[in-house]
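Geometric and topological summary
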Amino acid sequence: MLRFLKNMLQLLLSPTRGWEDISADGTETQDLLEHGYYPLLGAVALSCFMKFWWVADITLAAVLTRAVLTFGTFFAGYFLVRFILDLFAGNLVYGEVSEKKLDTISIYCLSVLSFFILIENCIPANLTLLKFLPLFVALIAYKSARYLGVPSEDDFRYGLIAVVATVVVPMALYSGILLLSL
């Protein structure tokens, strides 16, 4: 778990260097999921209960629904992001696509995105600045091109695919499910 958090912090501080550290780390996908991503999703789901402190007229059912939907959205989102990256980004890599690297990109990008939602849940004010944090995940996803082995002439196309897969789709899914739950 500590290596996972260290790598996430490195991605936040310097995405290019972060992907280099993740590449050198070589942690298996199952370990990333079990000791990093799933516990983080649990923390994000629990952070939904902070709304009890900030919102006066919220019910337990509404908070519980939001927590379950948040966890479920990011749990399913991993598989959706992974599918989209495999389907589209895999064609841009010379040679064989590393399934482990696609998994790792999906896990870390969604982890940073869910971490930003955890922060948003824990802050009582509705700060507009927090709504722009997913743009930073777009930068992290774009910088993963070298980690995946995408040639420099295809950086932009990969970047578009990675941003749509790791930011737009999960945020649209998250926002849509939360709107339907109201």
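To keep things clear, this report deals only with the structure shown in the data block. (Residues numbered from 1 in each chain as written. Predicted model: local features only at pLDDT ≥ 70, side-chain atom pairs only at ≥ 80, totals over all residues. Heavy atoms only, no water.)

**Remarks on the overall build of the chain**
Within the chain, the regular secondary structure consists of ten helices and zero strands. Listing every helix and strand of the chain by position from the N terminus yields α-α-α-α-α-α-α-α-α-α. Its C-alpha atoms give the chain a radius of gyration of 16 Å, within 12% of the compact-globule value 16 Å for 182 residues. Taken over the C-alpha atoms alone, the chain extends approximately 55 × 30 × 30 Å along its principal axes. Counting all 182 residues of the chain, 43% fall into the buried class. A separation of at least 24 residues holds for 74% of the contacts in the chain among residues at least 6 apart in sequence. Carbon and sulfur atoms make up 68% of the accessible area of the chain, which totals about 9,300 Å². Between the mean site of the 12 positive side-chain charges and the mean site of the 15 negative ones, the chain shows a separation of 6 Å. (Helix = DSSP H or I, 4+ residues; strand = E, 2+ residues; numbered from the N terminus. Rg over C-alpha atoms; globule rule 2.2 N^0.38 Å. Buried < 20%, exposed > 50% of the residue type's maximum accessible area, 1.4 Å probe, protein only. Contact = heavy atoms within 4.5 Å. Areas by Shrake-Rupley, 256 points an atom, 1.4 Å probe, with all protein chains shown as cover. Lys, Arg positive; Asp, Glu negative; His and termini not counted. Charge placed at Lys NZ, Arg CZ, Asp CG, Glu CD.)

**Brief notes about the packing of aromatic side chains**
Under the definition given, this model contains eleven aromatic pairs. Positioned above the aromatic ring of Tyr147 is the side chain of Lys101, whose terminal nitrogen or guanidinium carbon lies 5.2 Å from the ring centre. (Phe/Tyr/Trp six-rings, centres within 6.5 Å; stacked < 30°, edge-to-face > 60°. Lys NZ or Arg CZ within 6 Å of the ring centre and 35° of its normal.)

**Quick notes on the pattern of salt bridges**
Inspection of every chain in the model, using the stated rule, returns eight salt bridges. Among the salt bridges present, the one from Arg82 reaches Glu99, with a minimum N-O distance of 2.2 Å. Within this pair, whereas Arg82 is found in helix H5 (residues 60–88), its partner Glu99 is found in helix H6 (residues 99–122), the two being separated by 17 residues in sequence. Residue class for Glu99 comes out partly exposed when judged on its relative accessible area of 38%. With its nearest N and O atoms 2.5 Å apart, the salt bridge here joins Lys131 to Glu120. Highlighted residues: Lys131 in helix H7 (residues 128–131) and Glu120 in helix H6, separated in sequence by eleven residues. On the basis of relative accessible area, Glu120 is assigned to the partly exposed category, the value being 25%. What emerges from the salt-bridge pattern is a single network uniting Arg17, Glu20 and Asp21. (Salt bridge = Lys/Arg side-chain N within 4 Å of Asp/Glu carboxyl O.)

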